[in-house]
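Listed below are the residues making up each chain.
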Amino acid sequence: MRKMIFIALLLSGCFYSMARHGYEFRDKETTNRDNTSSIKQTNVAKTVIYHLYISDTTVNYTGKEKKALAINGQIPGPALHFTEGDTAEIHVHNQLKTETSLHWHGLILPNRMDGVPYLTTAPIEAGETAIYKFPLVQSGTYWYHSHTKLQEQSGMYGSLIIHKRNEPPVKEYVLLLSDWTNERPAEVHHSLRAANDWYMIKKESTQNYWEALTSGNLGVKIVNEWKRMHAMDVSDVYYDAMLTNGKQETEFSQLQPGEKIRLRIINGSSSTYFWLQFAGGKISVISNDGMDVVPVDVDRMIIGVAETYDVIVSIPDHMNYEFRATAEDRTKYTSLWLGKGMKMPAPDLPKLNYFAGMKMMNGMMKMNGDMDDMGMNMSVQKMDMNVVMYPELQKGENKENHAHHEGMNMPQGSEEIVTLNYGMLRSPVKTTLPDSPWKELHFKLEGNMNRYVWSLDNKVISETDRILIRQGENVRIIIYNNSMMRHPMHLHGHFFRVLNGQDDYAPLKNVVDIMPMETDTLEFAATENGDWFFHCHILYHMMSGMGRVFTYEDSPPNPDIPDPKKANRKFLSDDREIHPMFHVGVASNGTHGEAMLANTRYALGADWHTGWDDEHGYMATVRFGRYLGKMQYLFPYVAWDYHYQSMHTDNNRNTLMFGVAYTLPLLIVADLQADIEGNVRLKMSRKDIALTSRLRLDMSVNTDWEYRFDMRYILTKYISVAGNYDSDMGWGGGIVVTY
């Protein structure tokens, strides 16, 4: 009997080793399960084949037909199910008119199969088919998505589940969360780069002066702007819908009282964190990012962008219980209903108290844009800086300790809320790294919300060289978040230990959510070769430059990248993109406006005022400059200045000019100009003062005693009605177009 067991174990090990090294078995299987399953496994390793067809489609989530991208005609794409030890063979057919790609998020696989176009894999051109084939050396909950431009936001994502071999049958449900906008993703990205705050208007989170005054927070608002901070938000984008498996609501009714179900939860959103709550009781967390953890019971948890969690919930009675995922900004939620009978909803999460968050940030932000040094001592979500904004936690005896997130026992009425944090995650097996040489790296996450530049150490990815590592060494990354937003940092092709106080049993992850002012330490064994992307998984942060590339020294050439220099230029082109912007007013007393072409560091722009006749004149300045500093407060430039007015000929000019603009406290811009004739003038301006949510004030004055006031009321994202007074042109009213 012992000999038979030994032989079986030996054969099983051989099959696993063969699958790990890419051997193909003759017995092939094509599968197509849906989101629910009770899994029965066999001992036979197989090649599992899927065909994925990428195509254009239309969707209607909010009563409006909108263009989208589909995989096999559906959003999300089909759930791909495998068993550990199998070989995956995935045929991706591109039926679009543009190139595409698919990245297999969280999988350990050959570098060529990783799916980052121009870095590890050739893009899939229009009309072409790519075949991805790799052994499955792990189990767990993962997902796949496009890594081409902004395609992920349009629907290109799906779940990928690798079951353990011989795992007992279990009832489970794959729950893929996502966010949806009716806007084209390119328009979303443009709006963020242009500092258009329409999304904050939609979310009722502008923190305007009227709201500050009526709520007793006027002093908080003034201090905030004195430190040159704009209104804060916990997320960037206003979304039209939050989805569970492509629906705002879905259900799984085949459950009986007392029955347990495993939920495989994937945050496939482009930029939304979700709070998870279950109306039926506790949530038992058993896995994170595909790796098992010692089970821990919580009342609620937040899932970062691109993270996955496996949880167990129990159906307590003959009811229909809501498993709710609420966007972190609390604008919308999406639901999975479990069981049958009377509906039992999860509790609503009230609107965030933004002024409480603003007050907190005032005390923690320095005048140069850096966060307070106390953040160097915080890690693994032990303090959630946003918790001061959660009304549901501002009750009861524990109010004064509400910021401490360790264990997170918070009162809500007479009950305590236990919220998951990384310090609670413990691997069931040791995760210590081999005894090898160490390479230590330090990074600082930084951001400029007004110009929407996200960087590491004040450099976007196109401004840096690749980071060289050696196969066989251990890599330690110490990363500090010096920005006001959370960042889910993802490393391709590797798992890393998150040092969280669990010592040898630190959890393994491939995405780490790093909170504001937090320092986290990650460790991984460098066991691969080739190039691997390390980036923020908020799509618009990644596209704006928040990432690095780890390159293994002495890696063999990648046959999918025959021209590495050309491919690298394409790969780095995202954060080099030039964005057009303009703000044009047409009024009864003339026209005025500004237009600009800008990227991360440089801007070519023009501003003008023109009257309807010679008496009122024509004024225009064209300038080219570079933004300097982490917060880009300083803007030196060269310009051509033209000024003509028939009634004030002594002020007329047509000359080359040099200048420097600097953002002062209260967000006032001081612009010092000198022309080649020796004339010097100073202009002071302040734009977009939010008097109310939609009523805005601009004002400017210079040392030639030219001054202007503009008041506008925002009607739509791009259209406002406005009135103005100009010292040269008098009173006027009209329409303003902002893009």
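Residues numbered from 1 in each chain as written. Predicted model: local features only at pLDDT ≥ 70, side-chain atom pairs only at ≥ 80, totals over all residues. Heavy atoms only, no water.

A. Here's a closer look at the overall build of the chain. When you go through the chain residue by residue, the secondary structure sums to eight helices and 47 strands. Residue pairs in contact within the chain that sit at least 24 positions apart in sequence constitute 66% of those at least 6 positions apart. (Helix = DSSP H or I, 4+ residues; strand = E, 2+ residues; numbered from the N terminus. Contact = heavy atoms within 4.5 Å.)

B. Spatial organisation of a nonpolar patch on the surface. A cluster of nonpolar residues, Ile578, Leu597, Tyr602, Leu604, Val622, Phe624, Val638, Trp640, Tyr642, Phe658 and Ile676, forms a patch on the protein surface that exposes about 1000 Å² of accessible area. At the level of secondary structure, the elements contributing two or more residues to the nonpolar patch comprise strand E38 (602–610), strand E39 (618–626) and strand E40 (634–644). Of the residues forming the nonpolar patch, the biggest block, three residues, is contributed by E40. Structurally, the position occupied by Leu604 is in strand E38. Judged by its relative accessible area of 41%, Leu604 is partly exposed. (Patch = residues over 30% accessible without salt bridge, like charges linked within 9 Å, V, L, I, M, F, W, Y side chains within 5 Å. Areas by Shrake-Rupley, 256 points an atom, 1.4 Å probe, with all protein chains shown as cover. Salt bridge = Lys/Arg side-chain N within 4 Å of Asp/Glu carboxyl O. Buried < 20%, exposed > 50% of the residue type's maximum accessible area, 1.4 Å probe, protein only.)

C. Up close: the sheet that holds strand E42 (residues 669–675). The sheet built from 12 strands closes into a barrel, its strands ordered E36-E37-E38-E39-E40-E41-E42-E43-E44-E45-E46-E47 with antiparallel pairing. Each strand axis lies, on average, 20° off the axis of its neighbour in the sheet, ignoring direction. In terms of strand pairing, strand E44 (residues 695–702) meets strand E45 (residues 707–714) through seven bridges, oriented antiparallel. Note that in E45 the partner of Asp698 across the bridge is Asp710. (Pairing = 2+ DSSP bridges. Axes fitted to C-alpha atoms, helices over the stretch in contact; angles between N-to-C directions.)

D. Summary view of the environment of His51. Along the chain, His51 falls in strand E3 (residues 47–59). Once the C-alpha coordinates of His51 and Thr129 are considered, the two residues, 78 residues apart in sequence, prove to be 9.8 Å apart. When neighbours within four sequence positions are excluded, His51 is seen to be in contact with Asn72, His91 and His93.

E. Summary view of helix H6 (residues 354–364). The element H6 is largely enclosed, with a buried count of eight among its 11 residues. If you check which residues of H6 are buried, you get Tyr354, Phe355, Gly357, Met358, Met360, Met361, Asn362 and Met364. The inward-facing, buried residues of H6 contact helix H4 (209–214) and helix H5 (218–226).

F. The arrangement of the layout of surface pockets in detail. In this model, the largest pocket occupies a volume close to 720 Å³. For the lining of the largest pocket, the elements supplying multiple residues, two or more each, are E3, strand E4 (66–71), helix H2 (185–193) and strand E36 (579–587). Considered class by class, the residues forming the lining of the largest pocket number 11 nonpolar, 10 polar and nine charged. (1 Å grid on protein atoms, 1.4 Å probe; cavity = no way out; pocket = protein on both sides within 12 Å on 5 of 7 lines; lining within 4 Å. Points joined across faces, edges and corners; volume = space filled by probe spheres on them. Nonpolar A, V, L, I, M, F, W, Y, C, P; charged D, E, K, R; others polar.)

G. How the structure looks around the packing of aromatic side chains. Following the criterion strictly, the structure yields 24 aromatic pairs and no others. The interplanar angle of 40° and the centroid separation of 5.7 Å between the aromatic rings of Tyr173 and Phe252 together place this pair among those described as tilted. A residue pair is termed long-range when its members are at least 10 positions apart, and Tyr173 in strand E11 (residues 171–180) and Phe252 in strand E13 (residues 249–252) qualify at 79 residues. The same class applies to Tyr173 and to Phe252, which are both buried. Aromatic side chains Tyr452 and Trp454 sit 5.8 Å apart centroid to centroid with 85° between the ring planes, which places their arrangement in the edge-to-face category. Judged by relative accessible area, which is 0%, Tyr452 ranks as buried. Judged by its relative accessible area of 2%, Trp454 falls in the buried class. The ring of Trp275 carries Arg300 above its face, with NZ or CZ at 4.2 Å from the centroid. Between Arg324 and the ring centre of Tyr333, over which it is positioned, the NZ or CZ distance is 3.8 Å. (Phe/Tyr/Trp six-rings, centres within 6.5 Å; stacked < 30°, edge-to-face > 60°. Lys NZ or Arg CZ within 6 Å of the ring centre and 35° of its normal.)

H. Focus on the sheet that holds strand E10 (residues 157–163). Taken in spatial order, the four strands of this open sheet run E5-E10-E9-E7, and their pairing is mixed. Only two strands of the sheet have a single neighbouring strand rather than two, namely strand E5 (80–83) and strand E7 (103–105). In this sheet, adjacent strand axes meet at a mean angle of 25° when their direction is disregarded. Bridge count between E7 and strand E9 (residues 140–145): three bridges; the pairing is antiparallel. Residue His105 lies in a different strand from E9, and its bridge partner there is Trp143.

I. Looking closely at the pairing of strand E34 (residues 531–536). Of all six residues in E34, six are buried, a share of seventy percent or more. What you see with E34 is no split at all: Asp531, Phe533 and His535 on one side and Trp532, Phe534 and Cys536 on the other are buried throughout. Bridge count for strand E29 (residues 487–491) against E34 is three bridges, and the pairing is antiparallel. In the strand pairing of E34, His490 is matched with His535. Bridge analysis of E34 against strand E35 (residues 547–552) gives five bridges, and the strand direction is antiparallel. Bridging from a neighbouring strand, His535 pairs with Gly547 of E35.

J. Spotlight on the nonpolar core. Leu263, Val285, Phe323 and Leu338 are the most contacted members of the largest nonpolar core, which has 133 residues in total. If sequence neighbours within four positions are ignored, Leu338 has contacts with Phe252, Leu255, Ile261, Leu263, Phe278, Val313, Ile315, Met319, Asn320, Tyr321 and Phe323. Judged by nonpolar contacts, the second largest core, of 30 residues, contains Ile71, Ile108, Val137 and Met156. (Core = buried A, V, L, I, M, F, W, Y, C linked by side-chain atoms within 4.5 Å.)

K. Layout of the environment of Phe252. Using a relative accessible area of 7% as the deciding quantity, one classes Phe252 as buried. Once the C-alpha coordinates of Phe252 and Gly339 are considered, the two residues, 87 residues apart in sequence, prove to be 6.4 Å apart.

L. Region of interest: the pairing of strand E46 (residues 719–726). Here E46 shows one buried face, formed by Ser720, Ala722, Asn724 and Asp726, and one open face, formed by Ile719, Val721, Gly723 and Tyr725. Where E45 and E46 come together, seven bridges link them in antiparallel fashion. The partner of Tyr713 across the bridge, within E46, is Val721. Between E45 and E46, which pair antiparallel in sequence order, lie four residues. Bridging between E46 and strand E47 (residues 730–738) involves eight bridges; their strand directions are antiparallel. Bridged to Tyr725 within E47 is Trp731. Between E46 and E47, which pair antiparallel and follow one another directly, the connecting turn spans three residues.

M. Seen up close, the pattern of salt bridges. Considering all chains together, one arrives at 43 salt bridges under this definition. One salt bridge connects Glu440 with Arg476, and the closest N-O pair in it is separated by 3.2 Å. Placement of Glu440 in strand E25 (residues 438–448) and of Arg476 in strand E28 (residues 474–481) is noted, with a sequence separation of 36 residues between them. With a relative accessible area of 43%, Glu440 lands in the partly exposed category. It is possible to trace a salt-bridge network through shared partners that takes in Glu172, Arg262, Arg264 and Asp310.

N. Summary view of unusual backbone geometry. Cis geometry is found at the peptide bond from Ile75 to Pro76, where omega equals -5°. Relative to the helices and strands, Pro76 is located in the loop between E4 and E5. The phi torsion at Tyr118 lies on the positive side, around 70°, for a residue other than glycine.

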